[in-house]
Amino acid sequence: LFDGVYPFYPQQRKAAVFDISAIIVIVVFLTLACSFLLIIPGIRGRARLYWTLRILFSLFMGVVIVLVQFTGDWETGWVQANTSYKSFSPVQVNVDIGLHIGLAGVNVTLRGNPVNQINETINYNEHFPWNFGVDYDHSYNEGLKKGLPRPILYVAEKFSTQSPCAVHRQYRIAGHYASAMLWVAFCTWIISNILFSMPVLVYGGYMFLVTGSFVIFSLLSFSTVRNSPMCLIQIGTSTLHVAYGGSFWLTLAIGLLCFVVGITIVAMHHLNLDLLKTFFDLHEDKAEEYQEMSEVFINPHFMNKGL
């Protein structure tokens, strides 16, 4: 005891809402979208609508591919339980305990029901990273030194390297390879946009198929953790179960959408090239390419010299 109280936080920490990296990604892509929208009024006719759809749709796919790498809800789970709040204390509190697993670490949320109990504000969100170059056990030991609430330490201990659950290595490697696949997908997304602007439409469609393939590979990489049995997280009389979260399903939707767009562009290239060129605002260029000259002026001097 320290002055008659347990050595916990002198002030309650506010639960985290957004990750700083995620905010930076959103701001960058919103800036790009606003910049493109500023030049849209200079485009005439139906091409303005086509440009708007292509730009916003492509930027949405790009921001999702990058953003999901910094989110923490690839797997999520919640449970409500009555449990002890502090170690070596018999006092029970009613809390909601949330587990949010991302590619780079795990977040454990503790929220009181109600928030104010036993003369304290119970509202925590602690992050324990496991990406390469970061020691998860060190973060867990720092939490022990801080005196984090017992439910948070109990859940975080399940993912430590010393835990009998032995899931730390699986989650760490699966998250690493899933992140690598998404970065490759982001690179192929950039290449596909370059091919569309050159324009080489059919190859841009093929590159969209490659982008969708790498997105699906990232999901397969992360889902390999399901091959390892997960220890039961028993809190009081309740059990905390995890399931695929919003980031996983959003990534799956983007991967399937890449396949749909790629297949559509390739099919239109072979079945209706004029419609595809119209959508990409290339129909006028084709008309000018095949336009016949109405008059031909011949210099008699060069004609006689040639003869």
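Residues numbered from 1 in each chain as written. Predicted model: local features only at pLDDT ≥ 70, side-chain atom pairs only at ≥ 80, totals over all residues. Heavy atoms only, no water.

Broken down by element type, the protein chain carries 10 helices and 7 strands. Expressed as a percentage of the 307 residues in the protein chain, the buried residues total 41%. Restricting the contact set of the protein chain to residue pairs at least 6 apart, pairs at least 24 apart contribute 66%. For the protein chain, the exposed area adds up to about 17700 Å²; of that, 63% sits on carbon and sulfur atoms. (Helix = DSSP H or I, 4+ residues; strand = E, 2+ residues; numbered from the N terminus. Buried < 20%, exposed > 50% of the residue type's maximum accessible area, 1.4 Å probe, protein only. Contact = heavy atoms within 4.5 Å. Areas by Shrake-Rupley, 256 points an atom, 1.4 Å probe, with all protein chains shown as cover.)

Quick look at the packing of aromatic side chains now. Counted under the stated rule, the structure contains 18 aromatic pairs. Relative to tyrosine 171, the ring of phenylalanine 159 has its centre 5.8 Å away and its plane inclined at 70 degrees; by these criteria the two rings are edge-to-face. You can see phenylalanine 159 sitting in the loop between α4 (150-157) and α5 (168-197) and its partner tyrosine 171 sitting in helix α5, a full 12 residues away along the chain. Residue classification places phenylalanine 159 among the buried positions, given a relative accessible area of 0%. Residue tyrosine 171 is classed as buried on the basis of its relative accessible area, which comes to 5%. Between phenylalanine 214 and phenylalanine 217, the ring centres sit 6.1 Å apart and the planes meet at 90 degrees, which makes this aromatic pair edge-to-face. Here phenylalanine 214 pairs with phenylalanine 217, and both are found in helix α6 (residues 201-223), just 3 residues apart, close to one helical turn. Phenylalanine 214 sits in the partly exposed class, given a relative accessible area of 23%. (Phe/Tyr/Trp six-rings, centres within 6.5 Å; stacked < 30°, edge-to-face > 60°.)

Topologically, aspartate 137 is positioned in helix α3 (residues 136-146). Contacts of aspartate 137, omitting those with residues within four sequence positions, involve Ser160, Thr161 and Gln162.

In this chain, asparagine 113 is followed by proline 114 through a cis amide linkage whose omega measures 5 degrees. Looking at the secondary structure, you find proline 114 in strand β3 (residues 105-117). In this model, isoleucine 118 sits at a positive phi of 45 degrees, which is unusual for a non-glycine residue. Position of isoleucine 118 among the secondary structure elements: in the loop between β3 and β4 (120-129). One non-glycine residue, asparagine 119, lies in positive phi territory at about 60 degrees. Summarising the element assignment, asparagine 119 is placed in the loop between β3 and β4. Since its relative accessible area comes to 85%, asparagine 119 is described here as exposed.

Here, UniProt's "transmembrane region" (unreviewed entry) annotation points to residues 20-39, 51-70, 177-196, 203-222 and 242-267. Split by type, residues 51-70 is 85% helix and 0% strand. Its first and last C-alpha atoms lie 29 Å apart. In the segment residues 242-267, helix accounts for 85% and strand for 8%; the C-alpha atoms at its two ends are 40 Å apart. (UniProt positions renumbered as here; feature names shortened; annotations may be inferred.)

Right, let's get into helix α7 (residues 246-271). With 26 residues, α7 should reach 38 Å at 1.5 Å per residue; the first-to-last C-alpha distance of 37 Å fits that figure. The complete set of buried residues in α7 reads Ser247, Phe248, Thr251, Ile254, Gly255, Cys258, Val261, Gly262, Ile265 and Val266. At its buried positions, α7 is contacted by α2 (47-67), α5, α6, β7 (243-244) and α8 (273-279). (Expected span 1.5 Å × (residues − 1).)

Before going further, it helps to examine the sheet that holds β7. Taking strand neighbours across the sheet as the criterion, the 5 strands line up as β4-β3-β2-β1-β7 in an open arrangement whose pairing is antiparallel. Here the strands that pair on one side only, and so sit at the sheet edges, are β4 and β7. Strand direction decides the pairing type here: strand β1 (residues 75-84) and β7, joined by 2 bridges, are antiparallel. What sits directly across from threonine 76, in β7, is alanine 243. Running at roughly 160 degrees to β4, α3 makes contact with β3 and β4 of the sheet. Sitting on the sheet, α4 touches β1, β2 (92-101), β3 and β4, and the angle it makes with β3 is about 160 degrees. (Pairing = 2+ DSSP bridges. Axes fitted to C-alpha atoms, helices over the stretch in contact; angles between N-to-C directions.)

Bringing the pattern of salt bridges into the picture now. With the rule as written, the count across this model stands at 2 salt bridges. One salt bridge connects lysine 86 with glutamate 120, and the closest N-O pair in it is separated by 2.7 Å. Of the two residues, lysine 86 sits in the loop between β1 and β2 while glutamate 120 sits in strand β4, which places them 34 residues apart along the sequence. The class for glutamate 120 is buried, based on a relative accessible area of 18%. Note that lysine 145 and glutamate 142 form a salt bridge whose closest N and O atoms lie 3.8 Å from each other. Of this pair, lysine 145 and glutamate 142 both sit in helix α3, 3 residues apart, which is roughly one turn of that helix. Assessed through its relative accessible area of 29%, glutamate 142 is described here as partly exposed. (Salt bridge = Lys/Arg side-chain N within 4 Å of Asp/Glu carboxyl O.)

Among the nonpolar cores identified, the biggest contains 67 residues, and Leu99 and Phe159 are the most heavily contacted of them. When residues of this core are assigned to domains, at least three map to each of domain 1 (20-72 + 170-236 + 245-279) and domain 2 (79-168). The contact partners of leucine 99, leaving out residues within four places of it in the chain, are Glu75, Thr76, Gly77, Val106, Asn107, Val108, Val155, Phe159, Ile233, Leu240 and Val242. (Core = buried A, V, L, I, M, F, W, Y, C linked by side-chain atoms within 4.5 Å. Domains from an automatic or database assignment.)

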